[in-house]
Every structure is written in structure tokens, then in C-alpha cells.
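The lines below spell out each chain.
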Amino acid sequence: MLEIPCPWCGLRNENEFICGGEAQRKRPADPDRETDEAWADYLYNNANPKGVVTEWWWHVSGCTLWFKIDRNTLTHEITPIEELPE
Amino acid sequence: MSYQVKISVLDDFALLNLRGTKAAVARFETALELEFPKGAQGVRVRDGVAVLNLAPDHWWVRTSLEDEDQTFTSLSEAITIEHAAITVVSDHFSGFSIVGDDALLVLRQGLSLDLRNIATGQCTRGSFARCGGTLQVLDQGYHYDLFVEASYADYVSAWLDRAGGGGGA
Amino acid sequence: MTRLANGGVVNRQRRLNFRFNGQEYQGLEGDTLASALVANDVKVVGRSFKYHRPRGLLTCGPEEPNALVQLLSDGDQPNLRATEIRLTEGLEAKSVNCWPSARFDLGAVNDWLSPIIPAGFYYKTFMARPWDFYSRFIRKAAGLGRLPTERDRGRYERVFHHTDLLVVGAGPAGLRAAQVAAISGADVMLVDMQMSPGGHLLFHSREIEGKAGAEWIAEVTAELKGRRNVTCLQNTTATGYYDHNMVLAVEHEPEAAWLRERLWHIRAKKVVIATGAVERPLVFPGNDRPGVMLTDAVARYVSRFAAVPGQRAVVYTNNSTAYEHLELMLSVGISVEQVVDLRATLGEAERELVQRNSIEVVTNGRIIGVEGRSAVRDVRVAGESGIRSVSCDLVCHSGGWNPLIHLYSHAGGKSVFDQESATFIPGEPVQAVHCVGAANGTFSVAGGLGEAAGIAGSLVEELTGKQLGSYSSRPEVAEIPYGINVIWPEKTLKGKAFVDFQNDVTTADIALAVRENFQSIEHVKRYTTAGMAVDQGKVGNPNVIGLVTKELGEQQGSVGTTTFRPPFMPVSFGVIGGSEQGQLIIPARTTPITRWNIAQGAAMDEAGANFRRPFYFPRAGESMDDAVAREARAARNACGIYDGTPLGTFELQGPDTAELLNRLYTNRFDNLLIGRGRFGLMLREDGRFLDDGVTFRVGPHHYLMSCGTGAAGVVYAHIDRLLQTEWTDLKVYLVNVSAGLATMCVCGPYARDVLGGVETDIDFDESFRFMDFREGRFAGVSVRIARVSYTGELSFEINVARRHALMIWTTLMNAGQNYGITPIGSETSGVLRIEKGFVSPGHEGDNITNPFDAGMAWIVDMEKPDFIGKRSLRRDLDLGGERQHVVGLLPDKHRALVADGSALLPDPGGSGRSGFQGHVTAACFSPTLERTIALALLKDGHHRHGEKVLISGLEQSCLATVTAPVFFDPQGQRMRG
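Residues numbered from 1 in each chain as written. Chains lettered and ligands numbered in written order. Predicted model: local features only at pLDDT ≥ 70, side-chain atom pairs only at ≥ 80, totals over all residues. Heavy atoms only, no water.

1. Quick word on the overall build of chain A
So, step 1. Assigned secondary structure in chain A consists of one helix and six strands.
So, step 2. Each helix (α) and strand (β) of chain A, taken in turn from the N terminus, gives the series β-β-β-α-β-β-β.
So, step 3. Structurally, chain A occupies a C-alpha span of about 40 × 30 × 20 Å along its principal axes.
So, step 4. Residues counted as buried form 45% of the 86 residues belonging to chain A.
So, step 5. For chain A, the share of sequence-separated contacts (at least 6 apart) that also reach a separation of at least 24 residues comes to 45%.
So, step 6. Total accessible area on chain A is roughly 4600 Å²; 49% of this is exposed by carbon and sulfur atoms. (Helix = DSSP H or I, 4+ residues; strand = E, 2+ residues; numbered from the N terminus. Buried < 20%, exposed > 50% of the residue type's maximum accessible area, 1.4 Å probe, protein only. Contact = heavy atoms within 4.5 Å. Areas by Shrake-Rupley, 256 points an atom, 1.4 Å probe, with all protein chains shown as cover.)

Dropping the structure here:
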């Protein structure tokens, strides 16, 4: 049961959150311009690193903030990287 | 045999959900004559009106049912061009009060957050039982108000009864 | 009886009656079932798993492999260890795995068959016939214990707890760690699985820091109890270590008397493991015979329970700790016939001790055989002067110590082999875990105390930022320095020498596995099943690893261990469920109308997002089909009413809401007028159905979105995610008001008449167009009423605050009396929608179907600059090819029974097509058409209207005509007029 550091609420159990996947996947600004390959890559492919990955997490049971953290996929060590939004 | 705790349904409360930019919040503050809490777990109370800070741009105004309409109107009229959303959510939530020496022994069965960190006069939101809950601490270790989504009220009522050591389901 | 007249921590004034294997016995308050059996001279406590050999107690603790019992007097629980059962008045237990009894067990034939049933034999046999033939017999022989047939009536609880420092184990090291840490004021939690604190000091009297062990325990415990920042739990087994220092612990018999057990989820900032070590057996032929026990166990039964397991003992050891118990044995009248020591020379302290007590010692000695099947009679000892038989009724052996490093291993720690103590100890610290004392391979009590103080001190410094100062110097404890030399038995010895007692794994099985080329310890474990029984190899694993290493010819310690996984001890299902049992397992969600539905006798079930919904309202004597038909006819011909409160409803407010809606839906929303609603379709980014629903414009920048019950959570997440992670510049606030807004729908030709009969300032005449909404007063309260239809009939949805819902419902039911108003359930709604061919994302939508396939091109505006799913739709269009389309099906047989999901095959009468053509997405009997209808996905369906296909069912198939996917009022006149 991971402990996730929400920037607003502090440390909470994993079950209060939903993982939003890798943060490096950003929706293309103009999807119409993407080739089929690039679009499929955006839809389906993850970097899936062995090591640190930057991820979105959503504090759905708490303050409902979406935020990013760095997580080590081998050790589960988590590093908060976001300050509170202004 | 059960825990020393009394659980009852809260029947007189109104809740208004506020979202807004800094400019909108300034308007809210003027309308209610009350400075809003601006930090996690913050609550400010004045004359029967409590303002709970649930997220960086998200507050609840808690008042009595009688004052619901008037509070909604004064907040709505305070906003001119600012980006804000004021929604009456009194019916969207059901409230329970948990009072007694063993209040934490009941709550710790459903809340997985660190209750040592929420002091008297504070609030928070988290996972509770199998739904979720908003907790307002009236007296740490002794008196808590818990709000859950109304469709879960029957379930939470049975859950609290069982957690308190009663028959439950 | 072999109970001493004095000594022990048992209460001789309180005799307890109990039954074991059908026989009556007496024990004392303070006994475990095991110690009471020892005191009653019961030698055979069970039969082994495979060979059904008679077995006696091996240990005095939870690591016990032999004494597994079924506890008949308490929940009929199987496979409990007799060493862990507190003796109570009227207790009744029996050995598992023997029939008819432990003394005379027919399964013992397996022992004689053993040459043909070595490890892994089942991989090489049972091949002549299909497995079913053999499984009947094997099923009877397999397994241990029997499942209770009664439901567990115990009450359980699960709690979450946070602490700064968790100490596991209240032996001397754990107590010292907690004591030191508590001084800092940090929150400390101490858990221990025994009934009282003290660890091994409960069983062995020792002097610590100038005090008797018991006195020392009492003082430290009192100090801890006096501190407000310390929580002590006895009878609590820490059973698993998970991510980020989450430790699960099971508290047995908590002080809340209505609870049987409590499961603690403990989140600690730091954890100290002081779980001690268990003694390791020696490996020799006959080491499983009743009366052959671990030396430390014998000492425990004698000193704590005043129960003596034998009168004439032979002690067999490869290390110094066995000598610590010799004087105790002599003092209670056990004659130590001989000490057989595998080592060549003894340590100084050992030598002094045996000389002082005139004990005969054979060095370089080995036990090569044990006589006595139900009770040991004598042993054959091989020494420098040859082989001798020694008569005895008790063999005490000691092969070293196994630190209990399970929790450390769960946390991800890798153990390392310590050559000097010949055992596996924790390696580098992982997470925030630190091991101290015997658990860390520090077998000296003084060493453990010093280690614990040091670690605890530095941990609380980290936690509090405060310097503690050094606690105390190395404390005085009287003990013999530890020395061990591991020597393995020769292969040529006759007789079974066991390494895993519970699964009956012998040295021969290990040798066989290695001969068959299993070289990794993981493979040997699984092939021989060593370490895989209920005891999970607590006493046996290091012997298995050591033997495998020897067989492979490797250096001791080079072959690693298998990974320990939670739970450390068996955990009851009841405590895992906690208080969420029975009705509380699923959080059934309700609306204000739910009770009314139940009172009306509705057939209730779950329909999306845990809501309890009425599926239909059967009247007396009605079947489901009857009820559904009646309700559907009422909706089409008179007036139906249903509760739509579970639907998701969201408020969207802000200047950019229209733009957001344009990007979310496939159709345009920027031109929606205030006071109007529009049906919208939402896709996923891959162009597949997400949800659909009507969104109303309530004000210039204020919209109300509705979506399906089951999809509400997903849609909310979808929109919130886009607003917070992608389109952060859009000024829109999203608020979920689903539960607060009750929705009641009145539909049918008389809908207007019914509503007109209620006191209101709203006009329901023709000026109220399809997709309009109006606000006003209705039955004395504020409402919003919209003209939307999910049934295809003239339909009005009344939105009102939840607090007024039941009143409005009752008002409508009364107003509709004269019009035959009929509540309709989910089953009926389903039939009505199939008749109209309204596409349901949950039925016709899948991971392939796009809106064009579903005949919904009319709602997709590809001219919009961007919407979620547009790019994927463009790919579908570019790719072309044969696709499945939504069609209707009219079976030739009007009353055909068609199941959802039925495959569609080509018309056998000739169609030029072959293979799978599609499937039925939803089928029902239509009361309106008086025949079976279905919606389906069919290859190239748009172009095949009028053709026939074969609906392939499990029991019957039928031909059907392909039609447009609408069976009633195709123009939608009834709902739009």
C-alpha cells in the first residue's frame, strides 16, 4: 500500500488516489496534424522505464487535485516534485 | 457491549460549494463578512457560519438550513465578472456526528489518514469505509462531524452502527 | 502425569478439562494445548502429511510443524498449532490428517510405500488414465484438516494506525528499543505475539542487569505502560511488511470483548524488528519420531509449564546453546544419559558445565538411528570408539538458530549467510527497517540489548531531530558464548532423515532433486515442496538450503534463500474482511425512492455504480416477463414513472464551458440556447463510446450535464483530468451534484395530463417543446422540468432537491391514479430502449464500434476543429474496410428465445458469406410488437437490411431478418410531438 504525497493533503494511502499514467504523454496540440503512427504512439505507448518515472496522480477521495510525482518503478521510492498551484 | 460513542444523523445543515479565483474569493469574503481560510485543513467560523477549505480553490460554507437561501443569494449577488461557481450541495451530502471518548476507535476503522494531524477546528477529506468522507473536527479525539455522499447514507449508517460495536448488518 | 509439583507459570488451583482425539484429560490454567499434552504424557499428537508417520511435538512455539489440530470447540478451525492454543475449560481438539485416529492410522500404508512415492512422484505417475480417475482418491488423501461448515459468527475489525516507531517483538531487545525510543516523546508502538511480554525470557530464567529476568521484564513493561506516547499490544502477530513501512498485524482476543480479532494496518515512519530466532533441528535418521524434540523446546516446557517430556534424555547438538539447559533438566529429575556433540572440541564454558555435573559427552559423535515408532526407545550413537545403543525416552537436539527475518524479507531485504553463526541474517537495511537482537544474528542477550539501544536511539534522533545521548553501557547478562559447527549426515545412513517435517521431505528427496538437475533453490523448493507447508519452513529451510548447497558442491551461503512472503503466520479470512461483512461488503447506494420500491415488492438488484435498483414491480402471480410486459404497455399506452436519480449530474460553470463542451462531445454545443438541452455523444480518445446524455444550458455560462449511472465516475474523471492536466487555460468549474438532484421521469401519452393535475406555475402545453426545460414551482417546491426522453414516449423529467423527492414521487403517483400511472423498472426501460433502437454505450459500444457503425453519423461534426476522439475517427474513415454496424433483427419465429451475445452466422440457405458475422448486443420480447426483437452488430450491416442471418444459440438457432435498428415509431413522433 503505497503512501502518496498529495501537495495539499500530505501523505495519504494509495487507495485514495487514481494513477493517471506517465506524465510525458501530452495530448498533441493539433491532433489532425499527427500521422497515424504518432497518434497510435500517443494513445497506446508508454516509456515504462526501469527506474524513475514521472506520473500523474489524482487525489479523487481527497482534495481532487491532479499532480505529478516521480516514482522509482523498482523501489517505489516516491519524490514529490510539485509545489501547490497558485 | 460496544464503544463509548454516540452516533447520530445531522439534520440541520446547509452546505454551499464554492469554487473561485482569488478575485472571486475576495467577493465571497465581503459578502459573508468573514476571511476565508487559505491553507489545507483550514476552517473559519463566525456567527454560525463555517467556511472549510477543501482544496486550493475550493471551499464549503456550512450554515443552518434556515439560512441556506439567503447565504446562496448573498454569495451569488457578490459575484459580477469573477470566475466562480456557487452550488447548493446540502442535498448532495448526508451528515453524521460521532461523539464520545471512543470516537477515534470508530473513525480509525474507516479513515486511513493520520488523525493525529487533524486538530480541533480543522477539516479534511479522505477515503472512508468504501465511499469517501469529509471530516470536520469539533473536538479532537471526541467530537467529529462526517459528511458522505447522500446515496451512501444508508450504507454509512449501518457501517457506523457496526463499527461502534452494535449489531449493524 | 509428568507435571512438576512446583515451578512454571501455571496455576495449580485452576484445573481445566479438555478432550484430545476423543480422550478426556486435565490441564492447568496457563497451559497451552501442547504443554497440557506434554504434562499428560501424550507422545503422539498427529500424523505426518505424506507418510502418515506418528509425530510428537517438535517445538514449543508457533513454528511447530507436527502438532496441527482441528479445534472442534471453537469454530471448528483447521490446522491450528497446538503450541499456540491457550487451554480453556471444555476445549476439544483432534489431530488432522489421520483416520481413524492418530494412534491407528490407515494412511500409514504410505510409509511402507515410500520408495515409490518420493518427491515429485506425481509428475511421473497417474498417466495411464485421465486425471479424473485418480483425482477422486487423491482429493480424499490430500489436504490437512477440514473446512468448517458453519459460517464464522465471530466479529472482526480492521483499523488504521499511524506511529513514529514500530517495534516488533517484546523480547529483551524489543523492550529495550521501545524503552529508549519512548524517552524522546515520539509515538512508539510495540507489538508482540506472545500472551505476555518478555520473548524468550518467559521461558528461560536469566539474570539481566543484576535482576532476575522476570523482574527486569516487569520493570521495563511498567515503564512503557506509564508513558502516554507508547502503545503496547500483546497477542498480536505482525504478519506482513508492505510498501512504505506499512505493517499488518493481527491482534488476537482484543480487549473490545465483542471482537474475536482485529487487523491493524500500521503505517510507521521507522520499524525495528526484534522478532528473535527459532532453533534449527539436526538432520539424522528418525529425527521425526515422537520424543525427539528441540532442546530449547524441552527447556521451555519444563521452565514455563512445569511439564516434563521425558525422564531419560540424550542431547544431540552442534552448538553451545544446548548446554545452557542441561542443569535445568537435571534439576527437575531428567537424567541426561549422554551428550552427543558433532564438534571435535567444546568451548571452555561447556566443558566446565559438563564436568561440574558429571555428564558424559561424546565429541565427534553422531546419532545414526532412532528406535521406536510411536515413542523413542533408544538411539544408536557413532563415536570415535565405535557404535553404541543408548536407551532413552527423550532426544533433545539443536542444530543452530534461524533468525526470524521474514518481515525484513517482505520489505525487500536480502539476507546474507554468516559463516561464523552458520545462519542467514539480514543484509543491508531496506526501507526504514532495522533488525536487532537474535533476529539480526546477535544471539547474545547482552549484545542484543546494546544493539537495540543504539538503533532505537539513532532512529528517534532522525525522527525528532533531538539528541538522546548514549543510553547505557553493555549490560551484564550471564550466558555462554555462542559456538557452532555444522556437519551434514553421510548419505549412506539408513532411515528417513527429515528436513521438512510438515511436508515429509527427507535428505533423499533433496538428493533426488539435485540429481534430476534442479539447481536453483526455487526449483528444489517447488519440486520437493520443502518449505511450502503451513509452517513455511520456519525450522527447516536453512537445512534444505544447506543440503542443496552441499549436494551441488558449493560453498555454504552461496545458494540464496527463497523469498519470504506475507503472511508470516496464517491469517483468518474473517479478520481480513473486518467489519465489512454481510450487507456491508458492497456499499449499496440508495435514492429517496428506494424504500418505496422495496415496500412495493420490486425485484431489486444492482444496476451500475452499486445502486440498488428496481428491475421490475411484479404484482401477485406475475412472472418477470408478465410484469415487464405490463409496465412497457403502460409506458407506451398510458403513463409510466421511474426514478432516474442515480444518473450522473454535473454542473459546469465558467466562460469557457461552451468551448469545453465542444471539445468533449462529437457535436456542437456552442450554439445551444439558454433554456434548451441537447443530446451529446462523448467518445474516448480512441474514438470509441464513452457515454451519452443530455446537457442543458441553464445560464450564459452555466450548464447542467447528465450522463449514465455506471459512467458517472469515469466521465467526471475524464473531464476533470482534461481540465487539470491538458486544458488548464480553460475557465470552467466542474461540480458533481448527482446525489443532491433527484430526477423523476413521467412518460407516456398521458404524461401532460398527469403533470397538469399537480399544482404548478409551469405550462405543459405544446409551447413546451422537446428538449426545452422550464423552472418554476411544482407541488409547492422549486423544480426544473425538462422534456427529454429515454423511452421514446412523450416524457418529462422533474429535477428537484433530494429532500423533496419522495414528496414529489408520491404526488405524481396520486396525480396519475386515474391515468393508470405505473412504476417501471430497469428491465422494462431496457425493453423500451431496444424497441426504439437507442444506442447504449454499454451494449452496442465496445472497443471497435464507432458512431458511424452505430448509425449515429448525424451527431458527429467532423468540421469542428477538435474533439476527443476525432483523430481516431478520421483514421477509421481513412482505413475503411469491412466494419460491423448496428442493425435490428426480427427472428422468423415470433417467440424465439434469443440470448444477448449470441453469435450471428450466415444464412445456411445460401448467402455467399462464411464465418462469424457478428453478435446480438441486446434481445428481448417486445410487448409492443408482440414478438422477439434484437439489436446486433453485423458485418457491413448498413447494407444488408432485408437479408437473413442465423442467430446461433446454445440450445436453438433461428433465422432472422436484418432491419434498421428501430422497431417502433422510427421518426420519433411520440417523443417530439
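From this point on, the discussion continues.
2. Topic: the packing of helix H4 (residues 172–183) of chain C against helix H5 (residues 213–225) of chain C
Residues and elements named next belong to chain C.
So, step 1. Relative to each other, H4 and H5 sit at 35 degrees, their axes nearing to 10 Å. At the point where H4 passes H5, the crossing takes the left-handed sense. For the pair H4 and H5, contact is made by Pro172, Leu175, Arg176, Ala178, Gln179 and Ala182 and by Trp216, Ile217, Val220, Thr221, Glu223 and Leu224, respectively. (Axes fitted to C-alpha atoms, helices over the stretch in contact; angles between N-to-C directions. Left-handed = near helix turned anticlockwise from the far one by under 90°.)

3. Notes on the interface of chain B and chain A
So, step 1. Listed as interface residues are 13 residues of chain B and, on the opposing side, twelve residues of chain A.
So, step 2. The junction of chain B with chain A conceals about 1100 Å² of combined surface from both sides, 50% of it contributed by carbon and sulfur atoms.
So, step 3. Counting every contact that joins chain B to chain A gives zero salt bridges.
So, step 4. Linking chain B with chain A are five residue pairs in polar contact (both at pLDDT 80 or more), by the criterion used here.
So, step 5. If you list the elements that add at least two residues to the side of chain B that touches chain A, you get strand E4 (49–55) and strand E8 (123–126) of chain B. (Buried area = accessible area lost by both parts, 1.4 Å probe. Salt bridge = Lys/Arg side-chain N within 4 Å of Asp/Glu carboxyl O. Polar contact = N/O pair within 3.5 Å; in protein donor to acceptor, adjacent residues only side chain to side chain.)

4. Focus: the pairing of strand E5 (residues 58–63) of chain B
All names here are of chain B.
So, step 1. For E5, the buried fraction is high: six of the six residues fall into the buried class.
So, step 2. Side-chain alternation along E5 places His58, Trp60 and Arg62 on one buried face and Trp59, Val61 and Thr63 on a second face that is also buried.
So, step 3. Pairing of strand E2 (residues 14–20) with E5, which is carried by six bridges, proceeds in the antiparallel orientation. Bridged to alanine 14 within E5 is threonine 63.
So, step 4. Of the strand pairs in this sheet, E4 and E5 are connected by five bridges, and their pairing is antiparallel. In the strand pairing of E5, asparagine 53 is matched with tryptophan 59. (Pairing = 2+ DSSP bridges.)

5. Here's the deal with the interface of chain B and chain C
So, step 1. Every contact between the two is made by 43 residues of chain B and, on the other side, 45 residues of chain C.
So, step 2. Approximately 3800 Å² of surface area, both sides summed, lies buried where chain B meets chain C, with 52% of it carried by carbon and sulfur atoms.
So, step 3. Considering only the side of chain B, the residues that lose the most area to chain C are B:His83, B:Asp91 and B:Arg108, jointly responsible for 18% of the buried surface there.
So, step 4. Linking chain B with chain C are seven salt bridges, by the criterion used here.
So, step 5. B:Asp91 is the partner of C:Arg803 in a salt bridge, and the nearest nitrogen-oxygen pair spans 2.6 Å.
So, step 6. Our count for the contact surface shared by chain B and chain C stands at 29 residue pairs in polar contact (both at pLDDT 80 or more).
So, step 7. Counting residues per element, the ones that place at least two in the side of chain B that touches chain C are E2, strand E6 (84–88) and helix H4 (153–163) of chain B.
So, step 8. When the residues that make up the side of chain B that touches chain C are grouped by side-chain class, the tally is 17 nonpolar, 15 polar and eleven charged. (Nonpolar A, V, L, I, M, F, W, Y, C, P; charged D, E, K, R; others polar.)

6. Points about the sheet that holds strand E20 (residues 361–362) of chain C
Residues and elements named next belong to chain C.
So, step 1. Taken in spatial order, the five strands make up an open sheet running E17-E24-E18-E19-E20, and their pairing is parallel. Strand pairing shows two members of the sheet lacking a second neighbour, strand E17 (292–294) and E20, which therefore form its edges.
So, step 2. Here strand E18 (residues 312–317) pairs with strand E24 (residues 394–398) via five bridges, running parallel. Within the sheet, the bridge partner assigned to valine 315 lies in E24 and is cysteine 396.
So, step 3. Contacts from helix H6 (residues 295–305) reach E17 and E24 within the one sheet, and its direction differs from that of E17 by about 85 degrees.

7. Describing helix H13 (residues 541–552) of chain C
Residues and elements named next belong to chain C.
So, step 1. With twelve residues, H13 ought to run about 16 Å at 1.5 Å a step, and its terminal C-alpha atoms sit 16 Å apart, in line with that.
So, step 2. Along H13, nine of the twelve residues are buried, which leaves the element largely enclosed by surrounding structure.
So, step 3. Restricting attention to buried positions, one finds in H13 the residues Asn541, Pro542, Asn543, Val544, Ile545, Gly546, Leu547, Val548 and Thr549.
So, step 4. At its buried positions, H13 is contacted by strand E25 (401–403), strand E27 (423–426), strand E29 (498–500), helix H11 (507–515) and helix H12 (521–528). (Expected span 1.5 Å × (residues − 1).)

8. A look at unusual backbone geometry
Residues and elements named next belong to chain C.
So, step 1. Going from proline 566 to proline 567, the amide bond is cis rather than trans, its omega being 0 degrees.
So, step 2. By the secondary structure assignment, proline 567 is in the loop between H13 and helix H14 (573–577).
So, step 3. Here glutamate 209, not a glycine, exhibits a phi torsion of approximately 50 degrees, which is positive.
So, step 4. Among the secondary structure elements, glutamate 209 is positioned in the loop between strand E10 (207–208) and strand E11 (211–212).

9. Here we look at the packing of aromatic side chains
So, step 1. Applying the stated criterion to the full structure yields 29 aromatic pairs over all chains.
So, step 2. Members of the aromatic cluster, connected to one another through ring pairs, are A:Trp58, A:Trp66, C:Phe650 and C:Tyr716.
So, step 3. Sitting over the face of the ring of C:Phe498, C:Arg55 holds its NZ or CZ atom 4.8 Å from the ring centroid.
So, step 4. Geometry around C:Trp727 places C:Arg663 over its ring, the cationic atom sitting 4.9 Å from the centre. (Phe/Tyr/Trp six-rings, centres within 6.5 Å; stacked < 30°, edge-to-face > 60°. Lys NZ or Arg CZ within 6 Å of the ring centre and 35° of its normal.)

10. So, the sheet that holds strand E37 (residues 702–707) of chain C
Residues and elements named next belong to chain C.
So, step 1. Ordered by their spatial adjacency, five strands build an open sheet running E35-E36-E37-E34-E38, and the pairing between neighbours is antiparallel. At either margin of the open sheet sits one strand with a lone partner, and together these are strand E35 (677–683) and strand E38 (733–736). Strand-to-strand twist across the sheet, computed as the mean angle between neighbouring axes with direction ignored, equals 30 degrees.
So, step 2. In terms of strand pairing, strand E34 (residues 648–653) meets E38 through four bridges, oriented antiparallel. In the strand pairing of E38, glutamine 653 is matched with tyrosine 733.
So, step 3. In the packing of helix H17 (residues 657–664) onto the sheet, the strands contacted are E34, E35, strand E36 (689–699) and E37, and the crossing angle to E37 comes to about 25 degrees.

11. Here's the deal with the environment of C:Val376
Residues and elements named next belong to chain C.
So, step 1. Structurally, valine 376 is set in the loop between strand E21 (366–371) and strand E22 (378–383).
So, step 2. In this structure valine 376 comes out as buried when scored by relative accessible area, which is 6%.
So, step 3. In contact with valine 376, not counting residues within four places along its chain, are Pro290, Gly291, Val370, Glu371, Cys392, Asp393, Leu394 and Val395.

12. Examining helix H21 (residues 826–836) of chain C
Residue and element names in this part refer to chain C.
So, step 1. Buried residues of H21: Thr828, Val831, Leu832, Arg833, Ile834, Glu835 and Lys836, and no others.
So, step 2. Tucked inside the fold, the buried residues of H21 contact strand E32 (612–616), helix H16 (624–637), strand E46 (918–926) and strand E47 (931–939).
So, step 3. After H21 finishes, the residue glycine 837 shows a positive phi value of roughly 70 degrees.

13. With respect to the domain arrangement of chain B
All names here are of chain B.
So, step 1. Taken as a whole, chain B is organised into domain 1 (6–11 + 92–163) and domain 2 (14–88).
So, step 2. Between the C-alpha centres of domain 1 and domain 2 there is a distance of 23 Å.
So, step 3. Opposite the 14 residues of domain 1 that make contact, domain 2 presents twelve residues.
So, step 4. For domain 1, the biggest contributors to the area lost against domain 2 are Cys123, Arg125 and Gln136; these three give 46% of the whole.
So, step 5. Inspection of the region where domain 1 meets domain 2 yields one salt bridge.
So, step 6. The partner of arginine 62 in a salt bridge is aspartate 145, with the nearest N and O atoms 2.9 Å apart. (Domains from an automatic or database assignment.)

14. So, the pairing of strand E33 (residues 640–643) of chain C
All names here are of chain C.
So, step 1. Of the two faces of E33, the one holding Gly640 and Tyr642 and the one holding Ile641 and Asp643 are both buried throughout.
So, step 2. In this sheet, strand E39 (residues 741–747) lies alongside E33 in antiparallel orientation, the contact comprising four bridges. The residue bridging aspartate 643 from the neighbouring strand is methionine 744, located in E39.
So, step 3. Direction of pairing for E33 relative to strand E43 (residues 822–823): parallel, over a ladder of two bridges.

15. Some remarks on a nonpolar patch on the surface
All names here are of chain C.
So, step 1. Taken together, the side chains of Val109, Trp112, Leu113 and Ile116 define a hydrophobic patch exposed on the protein surface, amounting to about 450 Å² of accessible area.
So, step 2. Topologically, isoleucine 116 is positioned in the loop between helix H2 (109–112) and helix H3 (131–141).
So, step 3. Judged by relative accessible area, isoleucine 116 falls into the exposed class, the value being 59%. (Patch = residues over 30% accessible without salt bridge, like charges linked within 9 Å, V, L, I, M, F, W, Y side chains within 5 Å.)

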